[in-house]
Amino acid sequence: MNIVGVCACPAGIAHTYMAAESLENAARKRGHSIKVETDGSGGVENRLTAQEIAAADVVVVAADIRVEMDRFRGKPLVKVPVSDAIRNVSGVLDRVEAGDVPAYEG
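Residues numbered from 1 in each chain as written. Predicted model: local features only at pLDDT ≥ 70, side-chain atom pairs only at ≥ 80, totals over all residues. Heavy atoms only, no water.

**A closer look at the overall build of the protein**
Heads up, the rule is: A run of H or I in DSSP counts as a helix once it spans at least four residues, and a run of E counts as a strand once it spans at least two, with each numbered from the N terminus. Only protein chains enter the area calculation, which uses a 1.4 Å probe; residues under 20% of their type maximum are buried, those over 50% are exposed, and those in between are partly exposed. Only heavy atoms enter the contact rule, under which two residues are in contact if any of them lie within 4.5 Å. Computed with a 1.4 Å probe, the accessible areas rest on the Shrake-Rupley method; for each residue, only the protein chains presented here act as cover.
Looking only at helices and strands, the protein has 4 helices and 5 strands in total. Secondary structure of the protein in N-to-C order comes out as β-α-β-β-α-β-β-α-α. Over its C-alpha atoms, taken along the principal directions, the protein stretches across nearly 30 × 25 × 20 Å. Classification of the 106 residues of the protein by burial places 42% in the buried group. Put simply, of all contacts in the protein between residues at least 6 apart along the chain, 61% involve residues at least 24 apart. Surface accessibility of the protein: about 5,400 Å² in total, with carbon and sulfur atoms responsible for 49%.

Listed below in structure tokens is the structure:
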């Protein structure tokens, strides 16, 4: 499965990057490819391209602040708090793998 994601929190220091690392490590252990955009104190890093989003099977947004969502319109999307990507990453990926993920309509 090809996953793209966004991690962002209000302070944008530790939790943003912890969530991204957690998602990346867990997804790779399960055999998935993944790219995660982070929106932290230094701004957006690893910005997802339109091509990467189009090629993705699913989008995971782990954010406690507003992120650019319109670009994900029509893609299956799981949105969770940043803490879920850190403390319950297995549950997040279980939802992704179950395939019961609604398309984002905006």
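That shown, we press on.
**Comments concerning the UniProt feature "domain: PTS EIIB type-2" (unreviewed entry) in the protein**
For clarity, the cut-off: UniProt positions are given in the numbering used here, feature names are shortened, and annotations may be inferred rather than shown by experiment.
UniProt records the feature "domain: PTS EIIB type-2" (unreviewed entry) at residues 1–98, using the numbering of this structure. The straight-line gap between the two end C-alpha atoms of residues 1–98 is 12 Å; of that span, 39% is helix and 29% is strand.

**Some details on the packing of helix H1 (residues 14–29) against helix H4 (residues 89–98)**
Test applied: A fitted line through C-alpha atoms represents every axis, and for helices the fit uses only the stretch in contact; the resulting angles, taken between N-to-C directions, go from 0 to 180 degrees. Our angle categories are set so that under 35 degrees counts as roughly parallel, over 145 as roughly antiparallel, 65 to 115 as roughly perpendicular, and the remainder as oblique. Two helices crossing with the near one rotated counterclockwise from the far one by less than a right angle form a left-handed crossing, whereas a clockwise rotation gives a right-handed crossing. In this classification, Asp, Glu, Lys and Arg are treated as charged, Ala, Val, Leu, Ile, Met, Phe, Trp, Tyr, Cys and Pro as nonpolar, and every other residue, Gly included, as polar.
The geometry of H1 relative to H4 is characterised by a closest axis approach of 10 Å and an angle of 55° between their N-to-C directions. Classified by the angle between their axes, H1 and H4 sit oblique to one another. Our pair here, H1 against H4, has a crossing hand that is right-handed. On the side of H1, the interface is formed by Ser 22, Leu 23, Ala 26 and Ala 27, while H4 contributes Val 89, Val 92 and Leu 93. Residue classes in the contact of H1 with H4 are distributed as 6 nonpolar, 1 polar and no charged.

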